[in-house]
Amino acid sequence: MKSAALLALLMWQAAAGNEPPVAKPADLRYERTIHIAPGAGQACAELDAGIFPHAAPSLTDLRIFPAGGSAAGNPHEVPYAITLSEAVTAETQSAHVLNLGMGTGGAANKIVFDLEMPDRAYTGVTLDLDPAIHDFLITAAVSGSDALSGGKTTALGSFTLFDLSSQHLSRDTTLPLEESTFRFLHVVLSVAAAPGAGAGAAAGFTPALVRGAQVPPSREAQILYSTVAETSSIATVGRESRATFEIPVRVPVERVSVQLAPGFKGNFSRDMRVTAVADADPKSTVEDDRHPLPEMMSGTILRVHTTEAGRAIRSEQLGISAILGANLQRAAKVTVVIENGDDQPLPIASVRLEMRERALCFEAPAASGPALALYYGDPGLPAPVYDYERLFVPAETPLAAVLGAEALNAAFRPPPERVRPFTERHPEVLWIALIAVICALGVVALKSSKNIG
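Everything numeric in this text was worked out from a predicted model, so none of it was measured.

What follows is about the overall build of the chain. Helix and strand content of the chain: 5 helices and 27 strands. Counting only residues that meet the buried cut, the chain has 40% of its 453 residues in that class. Contacts spanning at least 24 positions in sequence make up 81% of the contacts within the chain whose residues lie at least 6 apart. Surface accessibility of the chain: about 24200 Å² in total, with carbon and sulfur atoms responsible for 56%.

Okay, here's the thing in structure tokens:
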């Protein structure tokens, strides 16, 4: 019985010692005033890259209190939710190709087909054209309807698709539509050989050229990015243009983009390479921590603004996806390289590292309510649990809120060292007590059985 009592006492101590600490403004090292537009209701403020180095990993220590709350005893927290910019439709979907064939009237350069579209809004369709066929110019006439035949048809425009491989330029097979919801698209491709094409290029201009079609997320629902770091210091080393960055700990990097010098009109297609190396940890005995291996990502940036055979061509992509993991828990050096080959280096105005936009959303107080501030800077504080976050629905037009400059919390008092409970520091004691209780109960049961016998 004494062992059972001891076990109960130890379990009570463990439960009491593991209660999460209560967040108080005075325990948080940094603060930023929240400036909110007049009004009431949901308000959202963008979280910039400057928060991440001083906040706990995953931003678990962010708290909103009335401004100056450190002097008001233990004020109530203001619940919040963090949003992350993302496409409404996270995945590209396929469109089914129907009625694929040659154009009427025996026109050998016309390919016609219908596309059965996904049941959602879309603003672009990427045609999957045979990758073995190069050097073509295509005029694509597109119309939409809600019935495959016999319904009302709406013209959606004429677009130029191209492959200019012989000119060392790019390939673009995307139809850039206005946002539409038509169930079916009717597409007529007028195909011609591009300047520089070989004599047999036209032999591939048959219905077999069309392999399928993909529908990316609507541009109206695309991911938005904010700048993490930017540099205009671009070094030319051999055939490469290079930009380097020193990124603080925990700052996310999810995209790399370039800005060209104003007035530059040239066409190009260049490979981009991004390398990230985390800072070494001299105290670690793990080889990968003392000599971290680099992360590498690559992609292509391009711009084609030209007229070929009387057809205007417009295609531009000045950034690539580059989700870095090297800088999640340590600072990192990031190098961005643009491979120029034998061409002149691009006139790059700047290179940017970007992250997906993150916003802090909460209910703004009434006009007569207290001003608010964001507090953070306690890595031992666990993430909050709010009904507000669990039930959060983003408003279509939330009130605009802006975070002020980061400042040290004048009322900050370093919290006393949080001592882990005895049972957490010595888990073996709990097991020993449990075994002792089991043994004691076994002995009691054995004696009872003998007495009964």
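This part is about the confidence of the model for the chain. Residues with a pLDDT of 70 or more make up 83% of the chain, whose mean pLDDT is 84. Within the model, the stretch residues 1-18 combines pLDDT values under 50 with 18 contacts to residues more than four positions away or in other chains.

Our focus in this paragraph is the pairing of strand E16 (residues 240-247). As paired strands, strand E15 (residues 235-237) and E16 are joined by 3 bridges and run antiparallel to one another. Across the sheet, residue Ala-235 finds its bridge partner in E16, namely Arg-242. The hairpin turn running from E15 into E16, its antiparallel successor, is 2 residues long, and Gly-238 in that turn takes a positive phi close to 60°. With 8 bridges joining them, E16 and strand E22 (residues 332-339) adopt antiparallel strand pairing. The residue bridging Arg-242 from the neighbouring strand is Val-337, located in E22.

A separate point is the nonpolar core. With 57 residues, the main nonpolar core has Leu-62 and Leu-374 as its most contacted residues. Counting residues per element, this core draws most heavily on strand E24 (residues 358-364), which supplies 5 residues. Apart from the residues within four sequence positions on either side, Leu-62 is in contact with Leu-47, Ile-51, Ala-55, Tyr-80, Ile-82, Leu-360, Leu-374, Tyr-375, Tyr-376 and Pro-384. The next biggest cluster of nonpolar side chains, apart from the first, holds 29 residues, and it includes Phe-113, Val-142, Leu-185 and Ala-201.

Relative to the helices and strands, Ser-190 resides in strand E12 (residues 184-193). A polar contact is formed between the side chain of Ser-190 and the side chain of Lys-110, at a distance of 2.9 Å. Discounting chain neighbours no more than four positions away, the residues touching Ser-190 are Asn-109, Lys-110, Leu-137, Ile-138, Thr-139 and Arg-311.

The next point concerns the sheet that holds strand E13 (residues 210-215). In space, the 9 strands of this open sheet follow the order E10-E9-E8-E12-E6-E5-E13-E7-E11, with antiparallel pairing throughout. Each edge of the open sheet carries a strand with a single partner, namely strand E10 (171-172) and strand E11 (174-180). Judged from the 7 bridges that link them, strand E6 (residues 110-116) and E12 form a sheet pairing that is antiparallel. The residue bridging Lys-110 from the neighbouring strand is Ser-190, located in E12.

With that settled, consider the environment of Thr-60. Secondary-structure assignment places Thr-60 in the loop between strand E2 (41-46) and strand E3 (63-66). For the pair formed by Thr-60 and Pro-384, sequence separation is 324 residues and the distance between their alpha carbons is 7.1 Å. Apart from residues no more than four positions distant in its own chain, Thr-60 is found in contact with Leu-381, Pro-382, Ala-383 and Pro-384.

A few words now on the sheet that holds strand E14 (residues 225-231). Pairing is antiparallel in the open sheet, where 4 strands are placed in the order E14-E23-E17-E21. Only two strands of the sheet have a single neighbouring strand rather than two, namely E14 and strand E21 (319-321). Direction aside, the axes of adjacent strands within the sheet are offset by 25° on average.

Assignment of secondary structure puts Arg-63 in strand E3. Residues contacting Arg-63, with those up to four places away along its chain left out, are Ala-23, Leu-28, Glu-77, Tyr-80, Ala-373, Leu-374, Tyr-375, Leu-381, Pro-382, Ala-383, Pro-384 and Tyr-386.

A separate point is the pattern of salt bridges. One pass over the full model with this rule turns up 14 salt bridges. A salt bridge links Arg-273 to Glu-240, with the shortest nitrogen-to-oxygen separation between them at 3.3 Å. Of this pair, Arg-273 sits in strand E18 (residues 268-278) while Glu-240 is found in strand E16, placing the two residues 33 residues apart along the sequence. We classify Glu-240 as buried; its relative accessible area is 17%. Among the ionic pairs, Glu-254 bridges to Arg-358, the shortest N-O distance being 3.1 Å. Highlighted residues: Glu-254 in the loop between E16 and strand E17 (255-260) and Arg-358 in strand E24, separated in sequence by 104 residues. Grouping residues by exposure puts Glu-254 and Arg-358 together as buried.

Conventions we followed
Residues numbered from 1 in each chain as written. Predicted model: local features only at pLDDT ≥ 70, side-chain atom pairs only at ≥ 80, totals over all residues. Heavy atoms only, no water. Helix = DSSP H or I, 4+ residues; strand = E, 2+ residues; numbered from the N terminus. Buried < 20%, exposed > 50% of the residue type's maximum accessible area, 1.4 Å probe, protein only. Contact = heavy atoms within 4.5 Å. Areas by Shrake-Rupley, 256 points an atom, 1.4 Å probe, with all protein chains shown as cover. pLDDT = per-residue confidence, 0-100. Pairing = 2+ DSSP bridges. Core = buried A, V, L, I, M, F, W, Y, C linked by side-chain atoms within 4.5 Å. Polar contact = N/O pair within 3.5 Å; in protein donor to acceptor, adjacent residues only side chain to side chain. Axes fitted to C-alpha atoms, helices over the stretch in contact; angles between N-to-C directions. Salt bridge = Lys/Arg side-chain N within 4 Å of Asp/Glu carboxyl O.

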